[in-house]
Amino acid sequence: MDRKHWFGVILALLAAFFNGMVGIFSVSLFQSGMPPEAVAFYKCVVAFLMIVAVLVATEKVGTLLAYLKEKWKALIVCSFFGFFMLYFFETAAYETLNVAVVVFLLFGVSTLVTFFANAVFERRNLTGQEWMSVLFAVLGLYLIFMENEHIEASVNTGFMYAVLAGIGYGLFLVLNKKLNIGGGLIPVCGLLLFGLVYLMIPFTMTGLVGIDPSVWLTLVLLALLPTIGGFWCTTKSLTILKSQTVQLVELSEPIFALMLGFVFLGQLVTPMQMLGGACILAAILIHEVRLSFFRKNKMAADTTR
């Protein structure tokens, strides 16, 4: 891989690290009495205001307005999947499910959606290498579901929310690349703007909720690290890498989420969940390691006999 490719991979890894903090901060806000709808809405408000302040200070508001005028249709579509579906359903899932389980489900489903959606848009079939990656991701997802069969039926809503969040994120990655949203603070600000419009609907429907002064630091960190940092790295990496590659590299998020969940929340992961995570990580290696390399070596070995 060249330097540019490695830079994209590093950005995707950073996005995974930042996004791994979503569950930690969200659970902390839930414990303060803030509902999921308020958490999803307020973190985007704070993130949007932060970026606007930076753009004002750097005199780039005119650039933002020109960008919005050019890309508003694409932003409406991408923000629906990347901010409303992802943030609303992911935050709601954390209310009833273990952080690690939500992350595994979200990224397992989003991996499937990313691969199949790309194939549909490009009007082609999945390659053998892609099928192998998808199968390992499905296996990991199955192991996680199987491990949680004992959970009460009332918690199944959390599974559904996590799956919907995964569908939204997978489509966001594909459409962000196809519609050429671009990377950087200005595209993230544009996505946040339209995302706030979507998130305001469930927020107002559930009743307006204020912000307790004691949770401001947590809310700011949630807005700064996963919301701004995570999406900045993701959108930037999409300008360099294929959406499938970004998705698979960001599957490293479960590792970060597991470590953070254990350290800060004391949440343990079962051996079956760890095996499921290993299968998902194997999907990354299968996709990134070129099978043709092994085929060429085999052919070379055959010719020398």
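Rules of the game
- Residues numbered from 1 in each chain as written.
- Predicted model: local features only at pLDDT ≥ 70, side-chain atom pairs only at ≥ 80, totals over all residues.
- Heavy atoms only, no water.
- Helix = DSSP H or I, 4+ residues; strand = E, 2+ residues; numbered from the N terminus.
- Buried < 20%, exposed > 50% of the residue type's maximum accessible area, 1.4 Å probe, protein only.
- Contact = heavy atoms within 4.5 Å.
- Areas by Shrake-Rupley, 256 points an atom, 1.4 Å probe, with all protein chains shown as cover.
- pLDDT = per-residue confidence, 0-100.
- Patch = residues over 30% accessible without salt bridge, like charges linked within 9 Å, V, L, I, M, F, W, Y side chains within 5 Å.
- Salt bridge = Lys/Arg side-chain N within 4 Å of Asp/Glu carboxyl O.
- Phe/Tyr/Trp six-rings, centres within 6.5 Å; stacked < 30°, edge-to-face > 60°.
- Lys NZ or Arg CZ within 6 Å of the ring centre and 35° of its normal.
- Core = buried A, V, L, I, M, F, W, Y, C linked by side-chain atoms within 4.5 Å.

Q: For this particular structure, what's the right way to read the overall build of the chain?
A: Regarding its fold elements, the chain presents 13 helices and zero strands. When the helices and strands of the chain are placed in sequence order, the string is α-α-α-α-α-α-α-α-α-α-α-α-α. Out of the 305 residues belonging to the chain, those deemed buried represent 53%. For the chain, restricting intrachain contacts to residue pairs at least 6 apart in sequence, the fraction spanning at least 24 positions comes to 89%. Accessible area for the chain stands at about 14200 Å²; split by element, carbon and sulfur atoms hold 69% of it.

Q: How should the confidence of the model for the chain be read in this particular structure?
A: Predicted coordinates in areas of low pLDDT are best not read in detail. When pLDDT is averaged across the chain, the result is 83; 85% of the residues are at 70 or more. Contacts of residues 149-155 to residues separated by more than four positions or lying in other chains number three contacts, the stretch itself having pLDDT below 50. The model gives residues 301-305 a pLDDT under 50, and that stretch makes zero contacts with residues more than four places away or in other chains.

Q: What should I look at first to understand a nonpolar patch on the surface in this one?
A: On the surface, Val56, Val61 and Leu65 cluster together to form a nonpolar patch covering roughly 250 Å² of accessible area. For Val61, a relative accessible area of 34% translates into the label partly exposed.

Q: What is the right way to look at the packing of aromatic side chains in this model?
A: A ring pair, where both rings are aromatic, is described by two values, the distance of the centres and the angle of the planes. Across all of its chains, the model carries 18 aromatic pairs by this definition. When the centroid spacing of 5.3 Å and the interplanar angle of 85 degrees are considered together, the rings of Phe83 and Tyr87 count as edge-to-face. Here Phe83 and its partner Tyr87 are both found in helix α4 (residues 61-94), four residues apart, which amounts to about one turn of the helix. By relative accessible area, which is 0% here, Phe83 ends up buried. Residue Tyr87 is classed as buried on the basis of its relative accessible area, which comes to 2%. For the pair Phe172 and Phe231, a centre-to-centre distance of 5.3 Å together with 70 degrees between the ring planes defines the contact as edge-to-face. With Phe172 in helix α7 (residues 156-178) and Phe231 in helix α9 (residues 216-238), this residue pair connects regions lying 59 residues apart in the sequence. The class for Phe231 is buried, based on a relative accessible area of 3%. Against the face of Tyr87 rests Lys43, its NZ or CZ located 3.7 Å from the ring centre.

Q: I'm lost on the nonpolar core in this one. Help?
A: Considering soluble globular proteins, one finds that nonpolar side chains tend to be buried as a cluster. If you look at the biggest cluster of nonpolar residues, it comprises 87 residues, and the most contacted ones within it are Phe172 and Leu192. Non-local contacts of Phe172, meaning those with residues more than four positions away in its chain, are made with Cys78, Phe81, Gly82, Leu191, Phe231, Thr234 and Thr235.

Q: Mind showing me how you'd approach unusual backbone geometry here?
A: The phi torsion of most residues other than glycine is negative, and most of the peptide bonds are trans. A positive phi angle, near 55 degrees, is found at Arg123, a position not held by glycine. By the secondary structure assignment, Arg123 is in the loop between α5 (99-121) and α6 (128-147).

Q: Sorry if this is basic, but what is going on with the pattern of salt bridges here?
A: Where side chains of opposite charge bring their charged atoms close, a pairing between them can arise. Tallying each qualifying case throughout the model produces three salt bridges. We note a salt bridge from Glu122 to Lys178, for which the minimum N-O separation is 3.3 Å. Within this pair, whereas Glu122 is found in the loop between α5 and α6, its partner Lys178 is found in helix α7, the two being separated by 56 residues in sequence. Note on Glu122: relative accessible area 38%, which makes it partly exposed. Put simply, Arg124 and Glu130 hold a salt bridge, and the shortest N to O gap is 2.9 Å. Salt bridges sharing partners connect three or more residues here, namely Glu122, Arg124, Glu130 and Lys178.

Q: Whenever I open this one, the environment of Leu65 confuses me. Can you help?
A: Within the element layout of this structure, Leu65 appears in helix α4. Each C-alpha atom, one on Leu65 and one on Gly190, is 9.1 Å from the other, the two residues being 125 residues apart in sequence.

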